Amino acid sequence: MKSKSNIESAPADDTSLREDNQNRDFEPLSKIRKGEVSLDRASQLMDRQAVRQTTQTVAFYAQLSHNEESPGLHHTVAFDSVKTNIHNSYNRYTGAFSAPINGVYGFIYTLRMSCHNYGVFEFIKNDEGTIQVNVDGGCAGCAGQFTTGSVILALNVGDTVYVRTHSTISPTGHILSDRNGSPYFTGWLIAPL
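Residues numbered from 1 in each chain as written. Predicted model: local features only at pLDDT ≥ 70, side-chain atom pairs only at ≥ 80, totals over all residues. Heavy atoms only, no water.

With respect to the side chain of Asp80
Examined against the element boundaries, Asp80 turns out to sit in the loop between β1 (59-63) and β2 (81-86). A polar contact is formed between the side chain of Asp80 and the side chain of Ser65, at a distance of 2.6 Å. Leaving out residues up to four positions away in the same chain, Asp80 has contacts with Gln63, Leu64, Ser65, His66 and Arg92. (Helix = DSSP H or I, 4+ residues; strand = E, 2+ residues; numbered from the N terminus. Polar contact = N/O pair within 3.5 Å; in protein donor to acceptor, adjacent residues only side chain to side chain. Contact = heavy atoms within 4.5 Å.)

Here we look at the nonpolar core
Among soluble globular proteins, nonpolar side chains are generally buried collectively. By size, the foremost hydrophobic cluster in this structure holds 25 residues, and its most contacted members are Phe79, Phe97, Tyr105, Phe107 and Phe185. Broken down by secondary-structure element, the contributors of at least two residues to this core are β1, β5 (103-113), β6 (119-125), β8 (145-155), β9 (160-165) and β10 (184-192). Counting residues per element, this core draws most heavily on β5, at five residues. Apart from residues no more than four positions distant in its own chain, Tyr105 is found in contact with Val58, Phe97, Ala99, Pro100, Val151, Ile152, Leu153, Leu155, Trp188, Leu189 and Ile190. (Core = buried A, V, L, I, M, F, W, Y, C linked by side-chain atoms within 4.5 Å. Buried < 20%, exposed > 50% of the residue type's maximum accessible area, 1.4 Å probe, protein only.)

So, unusual backbone geometry
Most peptide bonds take the trans configuration, and most residues that are not glycine carry a negative phi. One non-glycine residue, His74, adopts positive backbone phi at about 55 degrees. Relative to the helices and strands, His74 resides in the loop between β1 and β2. Take His74: its relative accessible area is 43%, and that puts it in the partly exposed class. Residue Asn126 is not a glycine yet carries a positive backbone phi of 50 degrees. Turning to its location among the elements, Asn126 is positioned in the loop between β6 and β7 (128-135).

Laid out in structure tokens, this is it:
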């Protein structure tokens, strides 16, 4: 109720605002020349442009649209059904993300394999493994078994990140993608460096 009484007690018109504006000397728009900008305004515009350039959005999300039949060693999983690719940094043909700006990035992948099989998968940054995730064991039902890996990496412009099978442990079975679930790979810029 207190806010209601404040509203009711406010003056009906904005005479104080009008009086304040009458005391200021404003230059009519007709006297301002095209292209003329004050130094303060120019520096504000440049600062805004610099902020826009450094806080670009980078993100992608791609799914595997088909089964990968018996992938071997060093097999890069190319998630070919791209749903989101802001900044066009993910390549659906190679399965690799290339960093467009220096920054800290987050990545997640999920894979699904046929039952009673195993595989070891890893994030690769510039041809060096960063994290390994195993798929091993049985299944509950016929949908297959899932595994998920996630990592946060500091990347420089041009660094690449992708998902592949392990270099010395060959997987058995297939990577599945069907109505029971699609493997995916996603990544985004957390903060520019």
